[in-house]
Amino acid sequence: MKAKIIAFMALAILSTSCSSDFLEEDPQSSLTAAQAYGSLGKIEPVLLGAITNWRNMQKDRAGLYTSLGTDEAQQGALQVTGDANQAGLDLYNGFLSQENQAIGQLWNDRWPVIEVAAQTIRALGTNTEDDSAKRDLLMGEASFLRATLMFELTQYWGEIPINDKAKTAEFGLKRQPLPLVYSYIVADLERAIEKLPASQSNPAFPAKGVAQALLGKVYLYAPQASGYRDYTKAKQWFGAVITSGKYSLLSNYADVFSPDHANSSESLYEWQYNNNWPDNNQIQWQTGSRVLANINQYAYFGGYDLILPTQYCYKDKTDGGIWEPGDTRKDASIRYDFTYKGVKPTLPAGFGGDELDPHIKKFEDIRVEGKQSFWNSGKNKAYIRYSDVLLNYAECLNELGNTTEAEGYVNQVRTRAFGGTLPAGMAWSGLSQAQFRDQILDERMRELAFEGWRRMDLTRTGKLVDLVKARNKWAKQNGTIAAFHNLYPIPIGEIKLNDEIGPENQNPGY
């Protein structure tokens, strides 16, 4: 983590046109850092760089890794045979270890951005420039950024270091107890809610609504051991989003994923991309079928099968899956037909065998068809949507004993899913609390498939091992997924570079 932070800080400081001596002379590094955060005008571009790097974490393979190894998504057959480290994310075998390079990338990429956020928070705390509005805005953005990444890290790794520049001597770089970690996340989000505006002219920057929703998620998703699982507080913050009047569902589910409806009324926040490097996202490259890639690199639904839906995720309920007749989310989320320009492709020899099985459709970008490689896919990628808020709010109501009211919020989402009118028998009604708790997981998969929340949903409900073992082809085949896999291993690079995290501090089981 130390080396990563230093390297990122060097890049950030260089972007503000400071002396390149920082890269060569360590004694000047602290002075140069102070200069980089010495005024609002200098902080602003550094923070923008951090937000851009946060976006870049969602690109290409790394933006999809945490969706692998779930009951919703798994790797394609050739991917599993071609990269043992990556395959470990689904197989839950010995390659899912502290040496796993994919896990190491997820960990390493987040800490430099937290470093910038922490430096910004410290600098703004002592800044006395006249532009208090600018200072408040930057403080809100930095606080949101640190909270968001700390939340991800603790959800996937448990106890993590805390980067607070006012308490470096006390905290150091060691892992901190969950109650302390979550206290920082909550405090950062409360500050973000106070400082952020209701809307931003540039959608790349977070606004108040996404901070409120994330704070709701923190209280809903926090493990019991943290002391922060609180359905009443979660309901409060999801409710604040709902009653704000700022957000609403689009009438057509498929429109949510259309470039023509980017940053719509349903979007609390989405990462911004386009079809030109370096602002493309390359996600389609990983989600499409290599059969189409073999035919034409400009076929917009081609790709290389990194991640496919599980059978449970793409089959109908009558066939052991999740889909009910008439649900428009099915064909908007998953590609079943690979006919291209009137030709139905066949599976070439030497492929893995699942390349014409159903694939993810949400990230297809029709804009590249016939003009650019699908590597240039660049649709925005959703972070938190209003439908997610409604479903989370409904969960809170159910956990608080208000199941009938909770059903009404789920039915708002389902009404849109069925084209605006719920057919007979499709409305949720008369469920017990336990039935609702069980069925909401399927509803979240139908609504939010491949949007990055499934692993957290499975771990917070204690369902990861049982459901992945039953529904993920590779995990089922290997049969080695266990309770300790609810957390990822601390990467070996961190253990080697960080004097305060040793082998004895590794997550149990690794």
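Since the model is a prediction, treat every value here as computed from it, not as a measurement.

Engineer: Could you give me a rundown of the overall build of the chain, with the residues and numbers involved?
Structural biologist: What the chain contains, in helices and strands, is 22 helices and 6 strands. A compact globule built from 510 residues would reach a C-alpha radius of gyration of about 24 Å, and the chain, at 23 Å, matches this within 12%. A principal-axis box enclosing the C-alpha atoms of the chain has dimensions of 65 × 55 × 45 Å. Taking all 510 residues of the chain together, the buried fraction comes to 56%. A separation threshold of at least 6 residues defines the contact pool for the chain, and within that pool the share at least 24 residues apart is 69%. Roughly 19,700 Å² of accessible area belongs to the chain as shown, and the carbon and sulfur atoms make up 50% of that amount.

Engineer: Can you tell me about the nonpolar core, naming the residues and giving the values?
Structural biologist: A general tendency of soluble globular proteins is for nonpolar side chains to be buried together. Grouped together as the largest cluster of nonpolar side chains are 124 residues, with contacts concentrated most on Trp54, Phe144, Trp157 and Tyr383. Setting aside residues no more than four positions away along its own chain, phenylalanine 144 makes contact with Trp54, Leu189, Ala192, Leu196, Pro206, Val210, Ala211, Leu214 and Tyr383.

Engineer: Report on the packing of aromatic side chains, specifying residues and quantitative values.
Structural biologist: All chains considered together, the criterion is met by 27 aromatic pairs. With 6.3 Å between their ring centres and 75° between their planes, phenylalanine 151 and tyrosine 221 make a pair best called edge-to-face. Linking phenylalanine 151 in helix H7 (residues 132-157) with tyrosine 221 in helix H10 (residues 208-221), this pair joins segments that are 70 residues apart in sequence. For the pair phenylalanine 151 and tyrosine 221, one class covers both residues: buried. Over the aromatic face of phenylalanine 301 sits the side chain of arginine 335, whose NZ or CZ is 3.8 Å from the ring centroid. Positioned over the ring face of tyrosine 312 is arginine 471, at 3.6 Å from the centre of the ring.

Engineer: Quick one: what's the story with the pattern of salt bridges, residue by residue and with numbers?
Structural biologist: Evaluation of the coordinates by the stated rule reveals 34 salt bridges. Between arginine 329 and glutamate 447 there is a salt bridge, with its nearest N and O atoms 3.0 Å apart. With arginine 329 in helix H15 (residues 329-333) and glutamate 447 in helix H18 (residues 433-448), the pair connects residues that are 118 residues apart, well separated along the chain. Of the two residues examined, arginine 329 and glutamate 447, each falls in the buried class. Arginine 385 is the partner of glutamate 451 in a salt bridge, and the nearest nitrogen-oxygen pair spans 2.8 Å. Separated by 66 residues along the polypeptide, glutamate 451 in the loop between H18 and helix H19 (454-460) and arginine 385 in strand E6 (residues 381-385) bring together distant segments of the chain.

Engineer: Can you tell me about the packing of helix H16 (residues 386-399) against H18, naming the residues and giving the values?
Structural biologist: The geometry of H16 relative to H18 is characterised by a closest axis approach of 10 Å and an angle of 170° between their N-to-C directions. One element, H16, and the other, H18, form an angle in the roughly antiparallel class. Across the interface between the two elements, Ser387, Asp388, Leu391, Asn392, Ala394, Glu395, Asn398 and Glu399 from H16 touch Gln433, Phe436, Arg437, Ile440, Glu443, Arg444, Glu447 and Leu448 from H18. A per-class count over the contact of H16 with H18 returns 5 nonpolar, 4 polar and 7 charged.

Engineer: So, H7: which residues are in play, and what are the values?
Structural biologist: Taking 1.5 Å of rise per residue, 26 residues should cover 38 Å, and H7 covers 37 Å from first to last C-alpha, within 8% of that figure. Directly after H7, the chain includes glycine 158, whose backbone phi takes a positive value near 85°.

Engineer: Talk me through empty space enclosed by the protein; I want residue IDs and the actual numbers.
Structural biologist: Taken as a whole, this structure holds 3 cavities of 30 Å³ or more when the rule is applied. Considered as a void within the structure, the largest cavity measures approximately 230 Å³ in volume. For the largest cavity, the lining is made up of 20 residues, of which Gln58, Thr66, Glu152, Tyr156 and Gly452 are closest to its centre. Elements with a minimum of two residues in the lining of the largest cavity: H7 and E6.

Engineer: Could you give an account of unusual backbone geometry, with specific residues and numbers?
Structural biologist: Note on backbone geometry: most residues besides glycine have negative phi, and most peptide bonds are trans. A cis amide bond links tryptophan 277 with the next residue in sequence, proline 278, at an omega value of 10°. With respect to the helices and strands, the residue proline 278 is situated in the loop between strand E2 (267-271) and helix H12 (283-287). Phi at tyrosine 92 is positive, roughly 50°, even though this residue is not glycine. The exposure class assigned to tyrosine 92 is buried, which follows from its relative accessible area of 2%. Phi at aspartate 305 is positive, roughly 60°, even though this residue is not glycine.

Engineer: Could you give an account of the side chain of glutamate 324, with specific residues and numbers?
Structural biologist: Among the secondary structure elements, glutamate 324 is positioned in the loop between helix H14 (311-314) and H15. The class for glutamate 324 is buried, based on a relative accessible area of 13%. A polar contact of 3.0 Å, which involves the side chain of glutamate 324, links it to the side chain of arginine 414. Apart from the residues lying within four places of it in its own chain, the contact partners of glutamate 324 are Lys317, Arg414, Phe418, Met426 and Arg446.

Engineer: Can you break down the environment of lysine 208 residue by residue, with the values?
Structural biologist: Summarising the element assignment, lysine 208 is placed in helix H10. Remark: the alpha-carbon pair of lysine 208 and asparagine 376, spanning 168 residues in sequence, is separated by 31 Å. Those residues in contact with lysine 208 that lie beyond four places of it in its chain are Ile193, Glu194, Leu196, Pro197 and Ala198. Within polar-contact distance, the side chain of lysine 208 engages the backbone oxygen of leucine 196 at 3.1 Å.

Engineer: Would you mind going over the pairing of E2 in detail, with residue names and values included?
Structural biologist: For E2, a buried count of 5 out of 5 residues is recorded, marking the element as mostly surrounded by other parts of the structure. Note that E2 and E6 share 4 bridges and pair antiparallel. Each residue of the ladder has a partner; that of tryptophan 271, found in E6, is lysine 381.

Engineer: If you had to explain the environment of arginine 135 to someone new, which residues and values would you point to?
Structural biologist: In this structure, arginine 135 sits in helix H7. Relative accessible area serves as the criterion here: at 16%, arginine 135 is assigned to the buried category. Placed 92 residues apart in sequence, arginine 135 and isoleucine 43 show a C-alpha to C-alpha distance of 9.6 Å. In contact with arginine 135, other than residues within four places in its own chain, are Leu40, Leu124, Asn127, Thr128 and Glu129. In this structure the side chain of arginine 135 is engaged in a polar contact, spanning 3.0 Å, whose partner is the side chain of asparagine 127.

Engineer: Any details on helix H9 (residues 178-195)? Residues and values, ideally.
Structural biologist: In a regular helix each residue adds 1.5 Å, so 18 residues correspond to 26 Å; H9 covers 26 Å between its end C-alpha atoms and thus fits that length. When H9 is considered as a whole, its buried residues turn out to be Leu178, Val181, Tyr182, Tyr184, Ile185, Val186, Asp188, Leu189, Ala192 and Ile193.

Engineer: Can you explain the environment of glutamate 405? Please cite residues and give values.
Structural biologist: Here glutamate 405 lies in helix H17 (residues 403-417). C-alpha of glutamate 405 to C-alpha of asparagine 505: the two residues are 100 residues apart in sequence and 44 Å apart in space.

About the thresholds
- Residues numbered from 1 in each chain as written.
- Predicted model: local features only at pLDDT ≥ 70, side-chain atom pairs only at ≥ 80, totals over all residues.
- Heavy atoms only, no water.
- Helix = DSSP H or I, 4+ residues; strand = E, 2+ residues; numbered from the N terminus.
- Rg over C-alpha atoms; globule rule 2.2 N^0.38 Å.
- Buried < 20%, exposed > 50% of the residue type's maximum accessible area, 1.4 Å probe, protein only.
- Contact = heavy atoms within 4.5 Å.
- Areas by Shrake-Rupley, 256 points an atom, 1.4 Å probe, with all protein chains shown as cover.
- Core = buried A, V, L, I, M, F, W, Y, C linked by side-chain atoms within 4.5 Å.
- Phe/Tyr/Trp six-rings, centres within 6.5 Å; stacked < 30°, edge-to-face > 60°.
- Lys NZ or Arg CZ within 6 Å of the ring centre and 35° of its normal.
- Salt bridge = Lys/Arg side-chain N within 4 Å of Asp/Glu carboxyl O.
- Axes fitted to C-alpha atoms, helices over the stretch in contact; angles between N-to-C directions.
- Parallel < 35°, antiparallel > 145°, perpendicular 65-115°, else oblique.
- Nonpolar A, V, L, I, M, F, W, Y, C, P; charged D, E, K, R; others polar.
- Expected span 1.5 Å × (residues − 1).
- 1 Å grid on protein atoms, 1.4 Å probe; cavity = no way out; pocket = protein on both sides within 12 Å on 5 of 7 lines; lining within 4 Å.
- Points joined across faces, edges and corners; volume = space filled by probe spheres on them.
- Polar contact = N/O pair within 3.5 Å; in protein donor to acceptor, adjacent residues only side chain to side chain.
- Pairing = 2+ DSSP bridges.

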